[in-house]
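Here is what each chain is made of, one letter per residue.
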Amino acid sequence: EIRKQSFDTWNKELGKIRVKGGSEDQLKVFYSALYHAMLQPNTFMDVDGRYRGMDRGIHTAEGFTNYTVFSLWDTYRTWHPLMTIIEQERTTDFIKTMLNMYEKGGLLPVWELAGNETWCMIGNHSIAVIADAWVKGIRGYDGSIALEAMLKSASQDHHGLEFYRRYGYIPGDKEHESISKTLEYAYNDWCIAV
């Protein structure tokens, strides 16, 4: 019974994209990749909705599924845009989770893992994910709070942002990864403007 439920659940998920043509091997590669694409983010709450927040406190998710493993630098360009097409409800929950992280931790996540900010990548691509969903009409979250969170997260004095705001770029002698960070922050700012 459990095996059949799992099969049916995955069949429903993988059936969101139907491919015509191609060889059997190509179809296996495609659907294996789609399966792998759906493994994360992970639900990060107990069956009663309780989870550990960015503030280390225990909270209850009300009206959304709380998620973890937002490797945003890795996913904002392709994976999250795909989710806005095939997983709009989950996209809303992803954004509600990010806004909840902002509420509990003071900033949108950069690279979150298990209710902790790892800071292991650059930029703040929660901003890009939220902006992309917004322009596509996905609005099941508070747009005012989303804009507030994006603006606050983009105006901190860490990781070269103070130099970026002062000069419009990050000088190489002031911050490591200066060119990459300048490009990432410029893209985030464009997303906020849109």
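A short tour of the structure in this document, coming up.

Cut-offs and rules
Residues numbered from 1 in each chain as written. Predicted model: local features only at pLDDT ≥ 70, side-chain atom pairs only at ≥ 80, totals over all residues. Heavy atoms only, no water. 1 Å grid on protein atoms, 1.4 Å probe; cavity = no way out; pocket = protein on both sides within 12 Å on 5 of 7 lines; lining within 4 Å. Points joined across faces, edges and corners; volume = space filled by probe spheres on them. Helix = DSSP H or I, 4+ residues; strand = E, 2+ residues; numbered from the N terminus. Core = buried A, V, L, I, M, F, W, Y, C linked by side-chain atoms within 4.5 Å. Buried < 20%, exposed > 50% of the residue type's maximum accessible area, 1.4 Å probe, protein only. Contact = heavy atoms within 4.5 Å. Phe/Tyr/Trp six-rings, centres within 6.5 Å; stacked < 30°, edge-to-face > 60°. Lys NZ or Arg CZ within 6 Å of the ring centre and 35° of its normal.

### Concerning empty space enclosed by the protein
Piece 1. Counting across every chain of the model gives one cavity of 30 Å³ or more.
Piece 2. A volume near 60 Å³ is recorded for the largest cavity.
Piece 3. Taken together, 13 residues form the lining of the largest cavity, with Arg52, Gly53, Met54, Asn66 and Met101 sitting closest to its centre.
Piece 4. Elements supplying a minimum of two residues to the lining of the largest cavity: β2 (50-52) and α5 (88-105).
Piece 5. For the lining of the largest cavity, the element with the most residues is α5, which contributes four residues.

### A short note on the nonpolar core
Piece 1. Ranked by size, the top nonpolar core spans 33 residues in total, and within it Leu99, Leu108, Ile130 and Tyr141 carry the most contacts.
Piece 2. Mapped onto this core, the elements with two or more residues apiece are α2 (24-37), α4 (79-86), α5, α6 (126-135), α7 (143-154) and α9 (178-193).
Piece 3. Ignoring sequence-local partners within four residues, the contact set of Tyr141 consists of Ile95, Lys96, Leu99, Ile130, Ala133, Trp134 and Ala146.
Piece 4. Ranked by size, the runner-up nonpolar core spans five residues in total, among them Phe163, Tyr164, Ile170 and Tyr185.

### Observations regarding the packing of aromatic side chains
Piece 1. Counted according to the given criterion, the structure contains 10 aromatic pairs.
Piece 2. Taken together, a centroid distance of 5.6 Å and an interplanar angle of 35° make the contact between Trp79 and Phe94 tilted. Of this pair, Trp79 sits in helix α4 while Phe94 sits in helix α5, and the two are 15 residues apart along the sequence. By the burial criterion, Trp79 is buried, and Phe94 matches it.
Piece 3. Ring geometry for Tyr167 versus Tyr169: centroids 5.9 Å apart, planes at 35°, classification tilted.
Piece 4. Residue Tyr169 is classed as partly exposed on the basis of its relative accessible area, which comes to 45%.
Piece 5. Residue placement shows Arg77 over the ring face of Trp73; its charged tip is 4.8 Å from the ring centre.
Piece 6. For Arg139, the ring lying beneath its charged end belongs to Trp134, and the centroid distance is 3.7 Å.

Shape is all these values report; function is a separate question.
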